[in-house]
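So the chains spell out like this:
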Amino acid sequence: MIDRKGTRDMGFDGTTVVVTGAAGGIGGRYVHAFAGAGANVVATDVPAASEAGAALAEKAGAAGPGRAVFEPGDITSDDDWARVVARARAEFGAVHVLVNNAAIYQGIAAKRPLTELTTDDWDTVLRVNVRGTWQGIRAVAPAMREAGGGRVVNISSTVARMGAPGFAHYVASKAAVDGLTRAAARELGPDGITVNAVAPGLVSDEATRTLNTDDYIATAARGRALGREMVPDDLVGAVLFLASAAGGFVTGQTLVVDGGGVFT
Ligand SMILES: NC(=O)c1ccc[n+]([C@@H]2O[C@H](COP(=O)([O-])OP(=O)(O)OC[C@H]3O[C@@H](n4cnc5c(N)ncnc54)[C@H](O)[C@@H]3O)[C@@H](O)[C@H]2O)c1
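Since this is a predicted model, take the numbers as computed values, not measurements. (Residues numbered from 1 in each chain as written. Predicted model: local features only at pLDDT ≥ 70, side-chain atom pairs only at ≥ 80, totals over all residues. Heavy atoms only, no water.)

S.K.: Which residues make up the pattern of salt bridges, and what values do they have?
M.R.: Think of it this way: side chains of opposite charge can pair up when their charged atoms draw near. Applying the stated criterion across every chain, the model contains 13 salt bridges. Residue Glu71 pairs with Arg83 through a salt bridge whose shortest N-O separation is 2.9 Å. Of this pair, Glu71 sits in the loop between strand E3 (68-70) and helix H3 (78-92) while Arg83 sits in helix H3, and the two are twelve residues apart along the sequence. Residue Glu71 is classed as buried on the basis of its relative accessible area, which comes to 11%. Two residues, Asp121 and Arg112, come together in a salt bridge whose shortest N-O distance is 2.9 Å. A relative accessible area of 24% means that Arg112 is categorised as partly exposed. Via salt bridges that share partners, Arg67, Glu71, Asp80, Arg83, Arg87 and Glu91 belong to a single interconnected network. (Salt bridge = Lys/Arg side-chain N within 4 Å of Asp/Glu carboxyl O. Helix = DSSP H or I, 4+ residues; strand = E, 2+ residues; numbered from the N terminus. Buried < 20%, exposed > 50% of the residue type's maximum accessible area, 1.4 Å probe, protein only.)

This is how it looks when you write it as structure tokens:
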């Protein structure tokens, strides 16, 4: 993946990819896509999701050609990050790519006006979505430096641009991920590490159906240039591109993938 020979491609043979939030609706799709493209994948998610995560990794690895393992970990725990990185090194010898996909999204449970959010609600979401994302970058950076470079793909959201109502803490957290992406790109660029974000629009997955009515989802679909509901597969090309050698001169960017819903 990392462009050692001057080639610009989207092959991932010999590349180790860590995907967080792997047991969620979208994270699992990334695990399958990377393993299918030849990468070795360390899938991680909270310990409570270990059964689902292990089953997912087994299935993705069996389909190949890349391998996949599951290592439980909370992204807000430095100890857990150390274990995830150690597992990647032990299984596959390195870390080249981090997809910082984990976040509290479905975990928000219900949308509420900002006047009804508690300070605990706020702190919990910012702690996971922002601090945990930074902790991941901090944990993998030394391994990426050792490997001669790397790719970080953070997962933002179009709500950071739209200011969608009902979950101000989540919206603020994704805007912070965009800022973190730019800061980390500046700091890690000299080490050959690119840091970008993908901002999905509303994806029709279980998490979205928990938080929104069918009518809300249909309205979002109609507001897109491409006029249809978005599925996890729609994100795969953008994430793989930013993780690949082909994306090697793109950094500090947030790539909106929403079928033409927001143009900013
Ligand atoms: N679904 C959408 O419409 C949508 C839109 C824009 C952005 N996103 C983003 O895409 C990503 C995936 O979304 P999803 O729909 O799969 O959400 P999801 O809620 O189904 O999955 C999130 C995953 O993150 C994990 N997670 C939560 N807290 C964690 C922690 N502390 N440590 C480790 N893992 C933790 C959860 O266990 C879960 O598996 C998230 O970053 C989300 O914010 C989703």
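S.K.: Could you give me a rundown of the environment of Ala55, with the residues and numbers involved?
M.R.: By the element assignment, Ala55 lies in helix H2 (residues 50-63). For the pair formed by Ala55 and Ala23, sequence separation is 32 residues and the distance between their alpha carbons is 9.3 Å.

S.K.: Report on helix H4 (residues 119-147), specifying residues and quantitative values.
M.R.: For H4, which comprises 29 residues, the first-to-last C-alpha distance of 41 Å matches the rise-based estimate of 42 Å (1.5 Å per residue) to within 8%. Considering bend angle alone, the principal kink of H4 is centred on Ala141 and spans about 40 degrees; proline Pro142 follows within four residues of it. Just beyond H4, the residue with positive phi is Gly148, at close to 90 degrees. (Expected span 1.5 Å × (residues − 1). Bend = angle between axes of the 7 residues up to and from the residue.)

S.K.: Explain unusual backbone geometry to me, using residue names and the numbers behind them.
M.R.: Residue Pro65 follows Gly64 across a cis peptide bond; omega there is 0 degrees. Of note in the backbone geometry, Ala109 takes a positive phi value of approximately 75 degrees without being a glycine. Examined against the element boundaries, Ala109 turns out to sit in the loop between strand E4 (97-100) and H4.

S.K.: I'd like a rundown of the sheet that holds strand E5 (residues 150-155), residues and numbers included.
M.R.: Spatially, seven strands are ordered E3-E2-E1-E4-E5-E6-E7 in an open sheet, and the strand pairing comes out parallel. Of all the strands in the sheet, just E3 and strand E7 (254-257) have a single pairing partner and so form its edges. Sheet twist, expressed as the average angle between the axes of neighbouring strands with direction ignored, equals 20 degrees. By the bridge criterion, four bridges tie strand E6 (residues 193-200) to E7 in an arrangement that is parallel. Note on E7: the bridge partner recorded for Pro200 is Val257. (Pairing = 2+ DSSP bridges. Axes fitted to C-alpha atoms, helices over the stretch in contact; angles between N-to-C directions.)

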